[in-house]
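# Coordinates in review
The residues making up each chain are set out below.
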Amino acid sequence: MKRNWNWAIWVGALVVLGGVLSYPLFFIRIPALRDFPWANLPLIGLGLVLIGVGMARAFRQPSVFRGRIFGSVLGALMLALAALFCYGIFVGARHVLPASPGAPQVGQTAPDFTLPDSKSRPVNLTAILNSPFAPNGEVGLGTGPTAGVVLIFYRGYW
Amino acid sequence: MDSPTESETLRQSQGYTFPILSDANLDVIRRWDLVHPHGRRDGADISRPAEFLVDPSGKVRWVNLTDDFVVRARPQEALAAFDAINKSHTEQ
């Protein structure tokens, strides 16, 4: 007797895979869904439930549904993938960066510095605080103090 | 860290109008205690992500040092810190 295709296992695996991959490929661009994977966790959960449903009927009605062996393998793989995703987001990402206890704190004076801009012109912090930028990045064209300067330290352009 | 030339390429490709400074030797990054040891994929030291708002007197008014790799500051946070500076000016 030809047994039925156990679609729930396959669809569930695809949903888990999509739930994991859509984080780096898409949701990382949306701050609210990047800071906490609100979109990805429900997707991954749904996928695992589907696999569970498929597995349950494969074992309860082995004469009707296929999938006991490949379902177990695929289910274990997807469970491992989901665990890896959660580990990466909730543990891995939070134990990477140094604490930086010596960084300037609110109320302290920012240590002055001079660094070259992208056209190798020297830029001094105190100087730019007292002289706003023109929109094209020229330094020292404005007059009077700025409202403040935002300094963004970033990891480099990979 | 990126050289001025690399930063200029980035600035032009993204259309950024703000200046991008280069700290190729990590002098300032080290002085500000922002080094992320071996942070780059090839094992080199780089800067950790960090954001500061400095007021015209040189005082730090807002700091964001994320402890989570994927969570970064939102523009609204910096703008709110600017508002706080302006408010304190009006009150004086």
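Conventions adopted
Residues numbered from 1 in each chain as written. Chains lettered and ligands numbered in written order. Predicted model: local features only at pLDDT ≥ 70, side-chain atom pairs only at ≥ 80, totals over all residues. Helix = DSSP H or I, 4+ residues; strand = E, 2+ residues; numbered from the N terminus. Rg over C-alpha atoms; globule rule 2.2 N^0.38 Å. Buried ≥ 20, exposed ≤ 12 C-beta atoms within 10 Å, placed from the backbone. Contact = placed C-beta atoms within 7 Å. Axes fitted to C-alpha atoms, helices over the stretch in contact; angles between N-to-C directions. Parallel < 35°, antiparallel > 145°, perpendicular 65-115°, else oblique. Left-handed = near helix turned anticlockwise from the far one by under 90°. Nonpolar A, V, L, I, M, F, W, Y, C, P; charged D, E, K, R; others polar. Core = buried A, V, L, I, M, F, W, Y, C linked by C-beta atoms within 7 Å. Domains from an automatic or database assignment. Expected span 1.5 Å × (residues − 1). Pairing = 2+ DSSP bridges. pLDDT = per-residue confidence, 0-100.

Before going further, it helps to spend a moment on the overall build of chain B. Tallying secondary structure elements over chain B gives 3 helices and 4 strands in all. Start at the N end of chain B and walk to the C end: the helices and strands fall as α-α-β-β-β-β-α. For chain B, the C-alpha radius of gyration of 16 Å lies well beyond 12 Å, the compact-globule estimate for 92 residues. Overall, chain B is about 50 × 30 × 25 Å in size when its C-alpha atoms are taken along their principal axes. Residues classed as buried in chain B amount to 28% of the 92 residues present. The long-range share in chain B, meaning contacts at least 24 apart out of those at least 6 apart in sequence, stands at 15%.

With that settled, consider the packing of helix α3 (residues 40–60) of chain A against helix α4 (residues 68–90) of chain A. All names here are of chain A. Put simply, α3 and α4 touch, their axes get as near as 10 Å, and they point 160° apart. It follows from the interaxial angle that α3 and α4 lie roughly antiparallel. Crossing geometry of α3 relative to α4 is assigned as left-handed. The segment α3 lies against α4, with I44, G47, L48, I51, G54, M55, A58 and F59 engaging R68, G71, G75, M78, L79, A82 and F85. Tallied by class, the residues present in the contact of α3 with α4 amount to 10 nonpolar, 4 polar and 1 charged.

Before going further, it helps to examine the nonpolar core. Ranked by size, the top nonpolar core spans 16 residues in total, and within it V16(A) and I51(A) carry the most contacts. Every element with two or more residues in this core is listed here: α1 (7–25), α3 and α4 of chain A. Counting residues per element, this core draws most heavily on α1(A), at 7 residues. Here I51(A) is in contact with I9(A), G12(A), A13(A), G75(A) and M78(A), once residues within four sequence places are set aside. In terms of nonpolar packing, the next biggest core, distinct from the first, is built from 15 residues, W32(B), L34(B), L53(B) and A81(B) among them.

Here chain B is described as being made up of domain 1 (1–48) and domain 2 (49–92). Using only C-alpha atoms to locate each centre, domain 1 of chain B and domain 2 of chain B end up separated by 20 Å.

Another point: the environment of F36(A). Within the secondary structure, F36(A) sits in the loop between α2 (31–35) and α3. Measuring from C-alpha to C-alpha, the distance between F36(A) and A8(A) comes to 28 Å, with 28 residues separating the pair along the chain.

Below, the discussion takes up unusual backbone geometry. Of note, the phi angle at S120(A) is positive, near 65°, even though the residue is not glycine. Among the structural elements, S120(A) can be located in the loop between β1 (114–116) and β2 (122–124).

With that settled, the discussion passes to α4(A). Residue and element names in this part refer to chain A. The terminal C-alpha atoms of α4 lie 32 Å apart, and with 23 residues this matches the ideal 33 Å at 1.5 Å per residue to within 8%. Three or more residues of α4 are buried, namely G71, G75, M78 and F85. Buried residues along α4 sit in contact with α1 and α3.

Once that is clear, we can look at the interface of chain B and chain A. The partner chain A presents 50 residues to the 53 residues of chain B that form the contact. Mapped onto the side of chain B that touches chain A, the elements with two or more residues apiece are α1 (4–14), α2 (27–31), β2 (46–47), β3 (50–54), β4 (60–64) and α3 (75–91) of chain B. Among the elements that take part in the side of chain B that touches chain A, α1(B) stands out by supplying 6 residues, more than any other. When its residues are assigned to classes, the side of chain B that touches chain A shows 29 nonpolar, 9 polar and 15 charged. Direction of pairing for strand β3 (residues 149–153) of chain A relative to β3(B): antiparallel, over a ladder of 5 bridges. Looking at the pairing, V150(A) lines up with L53(B) of β3(B).

In this section: the confidence of the model for chain B. Residue and element names in this part refer to chain B. Confidence along chain B averages 87 in pLDDT terms, with 96% of residues attaining 70 or more. α3 is the least confidently modelled element of chain B, averaging 81 in pLDDT, while α2 averages 96, the highest of any element. With a pTM of 0.75, the predicted complex shows an ipTM of 0.89.

All names here are of chain A. Between α1 and α4, the shortest axis-to-axis distance is 10 Å and the interhelical angle comes to 20°. Viewed along their axes, α1 and α4 adopt a mutual orientation that is roughly parallel. In this structure, α1 crosses over α4, and the sense of that crossing is left-handed. The segment α1 lies against α4, with I9, A13, V16 and V20 engaging G71, L74, M78, L81, A82 and F85. Here the contact of α1 with α4 is composed, by residue class, of 9 nonpolar, 1 polar and no charged.

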